[in-house]
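Structural features, examined
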Amino acid sequence: VKLELDNTYPILYMDDGARISARCVLIATGASYRRLGIAGGDMFDGVGVYYAATPMEAQACKGADVAVVGGANSAGQAAVFLAEHARKVLLLIRGDDLNKGMSRYLSRRIEQTANIEVLFHTEITGLAGERHLEEIVLADNRTGATRKLATPAVFTFIGARPHTEWLKGCVDTDPDGFIRTGVAVSVSGSGAAQRQPYFLETSLPGVFAAGDVRHGSMKRVASAVGEGAMAVAFVHDYLRSG
Ligand SMILES: Cc1cc2nc3c(=O)[nH]c(=O)nc-3n(C[C@H](O)[C@H](O)[C@H](O)COP(=O)(O)OP(=O)(O)OC[C@H]3O[C@@H](n4cnc5c(N)ncnc54)[C@H](O)[C@@H]3O)c2cc1C
């Protein structure tokens, strides 16, 4: 529930009142992904509703019309990537301006990609299918008008919340609360160490972070597991060094 520095050692406080002092701490508390908020929508997780767009998911939408939900850079990057595989990509945003949440270079790229169509003021209100997603319902949030779209895949990028509240600001995070490590700490100038932090080391020397909770992480199982394994090597280096 809390991390604190006592002289030089980090101290962890548990919810049962226990207090653990350790020379090194590895934070791997992950993040929660905002869901579409549609009743029964969770049953399509991994079978039509995806939270990442990698070559694996891209295979599932070859030649199909797919939807990407979100108005920030992650949604824009996914739309551009998926446009290389899908017949058509519908980018659904709640507002009326692509440039509000997205870098200009990306919105320009979207405008220039023939098979991406941006639907403003649009939200998904329904998901349907037997074992796999087959159809979604799109609603215009100004008029309430709805229409159906046949699609095997919806990609949602509507925000992730890192589990870092318990740190109460004692390690440096980005504005969204993800923990900065390595070079990102040096660039932000928040590191307390006299040396360059290790790749997975936070702004507190000896405190490491791995997986979804880390700023810039891939948000995939394989990368989270890989970072966990790498962190162990850095912990050994840290302990050896003094
Ligand atoms: C719906 C969904 C589908 C996904 N599909 C895929 C997929 O197909 N392929 C893929 O590669 N990735 C997928 N991902 C992403 C993948 O799940 C994550 O990238 C991965 O689980 C990250 O691992 P992690 O260990 O960093 O965090 P997590 O797996 O989130 O683990 C964090 C753990 O820390 C615990 N915790 C949180 N706060 C505290 C605290 N204060 N004290 C103690 N414990 C705490 C949590 O309870 C949790 O057990 C999906 C994610 C979601 C949400």
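Bringing the overall build of the protein chain into the picture now. Each helix and strand in the protein chain was counted, giving five helices and 15 strands. The dimensions of the protein chain, computed from C-alpha atoms along their principal axes, are 60 × 40 × 35 Å. Taken across its 242 residues, the protein chain has 43% of its residues classed as buried. Relative to all contacts within the protein chain whose residues are 6 or more apart in sequence, the contacts with residues 24 or more apart total 55%. Of the roughly 12,700 Å² of accessible surface on the protein chain, 54% is carried by carbon and sulfur atoms. Side chains of the protein chain carry 25 positive and 26 negative charges; the gap between the two charge centres is 3 Å.

Lining the immediate environment of the ligand, one finds 15 residues, of which Thr29, Asp212, Lys219, Arg220 and Val221 sit closest. Contacts to the ligand include Asp212, whose side-chain N or O atom sits 2.8 Å from an oxygen atom. Residue Lys219 places a main-chain N or O atom 3.4 Å away from an oxygen atom belonging to the ligand. Considered on its own, the ligand offers 1,000 Å² of accessible surface; in the complex 53% of this is hidden by protein. Class assignment for the residues of the shell around the ligand results in six nonpolar, four polar and five charged.

Strand order in the open sheet formed by five strands is 6-13-7-8-9, with parallel pairing between adjacent strands. With one partner strand each, in any of the chains shown, strand 6 (49-50) and strand 9 (116-119) form the two edges of the open sheet. Examined bridge by bridge, strand 7 (residues 65-69) and strand 13 (residues 154-156) share three bridges and lie parallel to one another. Bridge assignment links Val68 to a residue of strand 13, and that residue is Phe155. Each of strand 7, strand 8 (88-92), strand 9 and strand 13 touches helix 2 (residues 73-82); the most contacted strand, strand 7, lies at about 165° to it.

Another point: unusual backbone geometry. Look at His121: it is not a glycine, yet its phi comes out positive at around 50°. Along the chain, His121 turns up in the loop between strand 9 and strand 10 (122-128). Residue class for His121 comes out buried when judged on its relative accessible area of 17%. For Lys168, which is not a glycine, the phi torsion comes out positive at approximately 45°. Counting through the fold element by element, Lys168 comes out in the loop between strand 14 (160-162) and helix 4 (183-188).

Moving on to the packing of aromatic side chains. Counting across every chain of the model gives five aromatic pairs. These aromatic residues form a ring-pair network of at least three members: Tyr198, Phe208, Phe234 and Tyr238. The cationic tip of Lys2 hangs over the ring face of Tyr13; the distance from NZ or CZ to the ring centre is 4.7 Å.

Parameters and conventions
Residues numbered from 1 in each chain as written. Predicted model: local features only at pLDDT ≥ 70, side-chain atom pairs only at ≥ 80, totals over all residues. Heavy atoms only, no water. Helix = DSSP H or I, 4+ residues; strand = E, 2+ residues; numbered from the N terminus. Buried < 20%, exposed > 50% of the residue type's maximum accessible area, 1.4 Å probe, protein only. Contact = heavy atoms within 4.5 Å. Areas by Shrake-Rupley, 256 points an atom, 1.4 Å probe, with all protein chains shown as cover. Lys, Arg positive; Asp, Glu negative; His and termini not counted. Charge placed at Lys NZ, Arg CZ, Asp CG, Glu CD. Near = heavy atom within 4 Å. Polar contact = N/O pair within 3.5 Å; in protein donor to acceptor, adjacent residues only side chain to side chain. Nonpolar A, V, L, I, M, F, W, Y, C, P; charged D, E, K, R; others polar. Pairing = 2+ DSSP bridges. Axes fitted to C-alpha atoms, helices over the stretch in contact; angles between N-to-C directions. Phe/Tyr/Trp six-rings, centres within 6.5 Å; stacked < 30°, edge-to-face > 60°. Lys NZ or Arg CZ within 6 Å of the ring centre and 35° of its normal.

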